[in-house]
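Below, each chain spelled out in residue letters.
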Amino acid sequence: MERSMNPERVWQATLGELELALQRPVFENWLKGARFVAYEDGVYIIAVKSAFAQEWLNQRLKGMIKRRLERLSGRSVDVTFIVRPELFSANQPAVMPDSPLLNTSPTNAPAGRFQHAPALPESNLQVNRSFDNFIVGEGNRFAYAACQAVAQNPGVSYNPLFLYGGVGLGKTHLLHAIGNVAVQDEYNVRYVTTETFTNEMIEAIRTHTNVAFRQTYRNVDVLLIDDIQFLQGKESTQNEFFHTFNSLTAANKQVVIASDRPLHLLTKLEDRLLSRFSGGLIVDLSPPDLEHRIAILYAKAYEKGVVVPEDVARYIAEHYNDNVRELQGALNRVVAYAQLHHQPLSFSLAQKILEPQQRPLDHSPDAILEAVAQEFNITISELKGPRRTRRISVPRQLAMYLLRDVAQLSFPQIGEFLGGRDHSTVMHGATKIEKGLQQDTEIQEKMERIRVRLRQ
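Residues numbered from 1 in each chain as written. Predicted model: local features only at pLDDT ≥ 70, side-chain atom pairs only at ≥ 80, totals over all residues. Heavy atoms only, no water.

Trainee: How should I be thinking about the overall build of the protein in this particular structure?
Mentor: Across its full length, the protein holds 20 helices and eight strands. For the protein, with 456 residues in total, the buried portion stands at 48%. If you take every contact in the protein between residues at least 6 apart in sequence, the share linking residues at least 24 apart comes to 74%. Working note: accessible area of the protein is about 22,200 Å², and carbon and sulfur atoms make up 49% of it. (Helix = DSSP H or I, 4+ residues; strand = E, 2+ residues; numbered from the N terminus. Buried < 20%, exposed > 50% of the residue type's maximum accessible area, 1.4 Å probe, protein only. Contact = heavy atoms within 4.5 Å. Areas by Shrake-Rupley, 256 points an atom, 1.4 Å probe, with all protein chains shown as cover.)

Trainee: Sorry, what's going on with the sheet that holds strand β8 (residues 281–284) here?
Mentor: Two strands in a sheet stick together by hydrogen bonds in their backbones, pointing the same way (parallel) or opposite ways (antiparallel). Strands sit in the order β5-β6-β7-β4-β8 across an open sheet of five strands; the sheet is parallel. The open sheet is flanked by β5 (189–193) and β8, the only strands paired with a single partner. Between one strand axis and the next, the sheet turns by 15 degrees as a mean value, whatever way the strands run. (Pairing = 2+ DSSP bridges. Axes fitted to C-alpha atoms, helices over the stretch in contact; angles between N-to-C directions.)

Trainee: For this particular structure, what's the right way to read the sheet that holds strand β2 (residues 43–48)?
Mentor: One open sheet accounts for three strands, arranged β1-β2-β3; its pairing is mixed. Edge positions in the open sheet fall to β1 (35–40) and β3 (78–83), since each of these has one partner strand only. With strand direction ignored, the average angle separating the axes of adjacent strands in the sheet is 25 degrees. Relative to β3, helix α3 (residues 51–60) is tilted by about 160 degrees, and along the sheet it contacts β2 and β3.

Trainee: Teacher, can you tell me more about the nonpolar core here?
Mentor: If you look at soluble globular proteins, the nonpolar side chains tend to sit buried side by side. Counting 57 residues, the largest nonpolar core has W11, L31, I65 and I316 as its most contacted members. Looking at which element gives the most residues to this core, the answer is helix α13 (residues 324–340), with ten residues. Setting aside its immediate chain neighbours within four residues, W11 contacts L31, A34, R35, F36, I46, I65 and L69. Formed by 30 residues, the second largest nonpolar core is a distinct cluster that contains L125, A149, A151 and L281. (Core = buried A, V, L, I, M, F, W, Y, C linked by side-chain atoms within 4.5 Å.)

Trainee: Which parts of the structure should I look at to understand the pairing of strand β4 (residues 161–164)?
Mentor: Both faces of the sheet carry side chains from a regular strand, because those side chains alternate between them. Summarising the sheet, β4 and strand β7 (residues 254–259) pair through four bridges and their orientation is parallel. The partner of L163 across the bridge, within β7, is A258. Here four bridges tie β4 to β8, and the two strands are oriented parallel to one another. Along β8, the bridge assignment pairs Y164 with D284.

Trainee: I'm lost on the pattern of salt bridges in this one. Help?
Mentor: For side chains bearing opposite charge, pairing can occur when the charged atoms are close. A complete count under the given rule lists 17 salt bridges for this structure. In this structure, E203 and R206 form a salt bridge, with 2.6 Å as the shortest nitrogen-oxygen distance. In this pair, E203 and R206 both sit in helix α7 (residues 194–207), three residues apart, roughly one turn of the helix. In this structure, E382 and R387 form a salt bridge, with 3.7 Å as the shortest nitrogen-oxygen distance. By relative accessible area, which is 44% here, R387 ends up partly exposed. Through salt bridges with shared partners, a single ionic network connects E375, K446, R449 and R453. (Salt bridge = Lys/Arg side-chain N within 4 Å of Asp/Glu carboxyl O.)

Trainee: Can you walk me through the packing of helix α5 (residues 141–152) against helix α6 (residues 171–184) in this structure?
Mentor: The angle between the axes and the distance between the axes are what describe a pair of packed helices. Contact geometry for α5 and α6: axes closest at 9 Å, N-to-C directions at 25 degrees. With respect to α6, the axis of α5 lies roughly parallel. Between α5 and α6 lies a crossing whose hand is right-handed. Contacts between α5 and α6 involve A143, Y144, C147, V150 and A151 on the former and, on the latter, L174, I178 and V181. Here the contact of α5 with α6 is built from residues that sort into eight nonpolar, no polar and no charged. (Parallel < 35°, antiparallel > 145°, perpendicular 65-115°, else oblique. Left-handed = near helix turned anticlockwise from the far one by under 90°. Nonpolar A, V, L, I, M, F, W, Y, C, P; charged D, E, K, R; others polar.)

Trainee: Is there a simple way to think about unusual backbone geometry in this case?
Mentor: It is generally the case that most residues other than glycine have a negative phi and that most peptide bonds are trans. A cis amide bond links N159 to the next residue, P160, at an omega of 5 degrees. For N377, which is not glycine, the phi torsion reads 55 degrees and is therefore positive. By secondary structure assignment, the location of N377 is in the loop between α15 (365–376) and α16 (380–384). Overall, the relative accessible area of 67% leaves N377 in the exposed class. The backbone of Q408 shows a phi angle near 60 degrees, a positive value even though the residue is not glycine.

Trainee: Would you explain the packing of α7 against helix α9 (residues 235–250) in this entry?
Mentor: It is at 10 Å that the axes of α7 and α9 come closest, and there the two elements cross at 100 degrees. Classed by the angle they form, the pair α7 and α9 counts as roughly perpendicular. For the pair α7 and α9, contact is made by F197, T198 and M201 and by S236, T237, E240, F241 and T244, respectively. Tallied by class, the residues present in the contact of α7 with α9 amount to three nonpolar, four polar and one charged.

Trainee: Would you take a moment to explain the environment of N321 for this structure?
Mentor: Here N321 is to be found in the loop between α12 (310–319) and α13. N321 gets classed as partly exposed once you look at its relative accessible area, which sits at 38%. Considered as a pair, N321 and L290 are 31 residues apart in the sequence and their alpha carbons are 7.5 Å apart. For N321, the residues in contact, after removing those within four places along its chain, are P287, P288 and R293.

Trainee: I tried to follow the side chain of Q238 on my own but got confused; where do I start?
Mentor: Secondary-structure assignment places Q238 in helix α9. We classify Q238 as buried; its relative accessible area is 1%. There is a polar contact of 2.8 Å between the side chain of Q238 and the backbone nitrogen of E270. When near neighbours in sequence (up to four residues on either side) are disregarded, Q238 contacts L231, Q232, G233, K268, L269, E270 and L273. (Polar contact = N/O pair within 3.5 Å; in protein donor to acceptor, adjacent residues only side chain to side chain.)

Trainee: Teacher, can you tell me more about helix α4 (residues 62–73) here?
Mentor: For an α-helix, the turn length of 3.6 residues means that residues three or four places apart are oriented alike. A rise of 1.5 Å per residue sets the reference length of α4, with its twelve residues, at 16 Å; its end C-alpha atoms lie 16 Å apart and thus fit the reference within 8%. Within α4, the full set of buried residues consists of I65, L69, L72 and S73. For α4, the angular spread of the buried residues around the axis is 90 degrees, confining them to a single face. Looking one or two residues beyond α4, the residue adopting positive phi is G74, at roughly 75 degrees. (Expected span 1.5 Å × (residues − 1). Arc of directions from axis to C-beta.)

Right under this line is the structure:
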């Protein structure tokens, strides 16, 4: 290797070595695409996309990178990572140039490409679910690339796009990521679960607002529909969705569908729907491998502002290998216990909390109310009282959910226990928390901390 090699070539050579030396998910997630910016006073300045990547590289790979830079350049150097998201274009291809996924440029758009409809007042998107914070691994790489291609040019290729995979593998995250990119490009987007679509259709029939319901869904540019498996056996809803689907795709508007099972197992869907779905691109998401799970844990820990030791991350990743939701739940339990007991995260602590024979939850209703009250620093009498401020209503709804889930009380029993509330109020509160546990990290963390208290 010539010692006169210029700094940018040294960086590219270093990247090549690191790609061979590191596990593929580690290289793909943290180093691939990192860009040489400058070489100043013996320091390589490298741009990365996010503060998370910057911190991760500084903590875990900086030493290895520095040693290779020194060997390849023949001198003592240092490396600094800076956050420059503007260098990473949102329109940059997610796959290599020879991939068929790149056949989505605007020049390929059909002559009848649709015009944007007026923006919807409510797209139902979660802005915290983006392509940037989706951790890519072998099991989801193709799905990730396909979703990026669709997000960049809705309605041009892969229409419909059908995603399937088990619970907690990232389907919903990718739907929201597509929507968030499309909204930024001023497309009219709507994310909806099949259950919500069904309920809205029933309400439209009841209130004689069918026309408005159809306009809501048929005037969008991008329709993202989740949990399509719940459409099975619902003949009227299937018929309505069939016509909505046809109306959108005929106008070159994008439809993205997510399911927890492949098409051939959706045996109670009408053949005409299965035929339409199979006419697009079908992509599966597989469970993450070990290195991918570790990378996910580091990402989730960073979101919480927590540093997880490598042996702890590996222990959790080795014992929770089915889906990301279980993985995150295990991390939440360990972090919650450490915070409650003012203990550092350690391998022995993770073993103690996650071992199969951990102490069971206290199922008594009184213990549940006490744990909720302690977590939110309120009194049990406030939980049972009439006040409806957010300070009280959120803890009360968490209590409703736990009294149902842990204590196994009926809705009327929970209402009576919480001061004589109507069972429909209890049902609404428990349902709201159930949805929050899938989407709201604050509620997830609160729930894990309460469950830790119930095991003490």
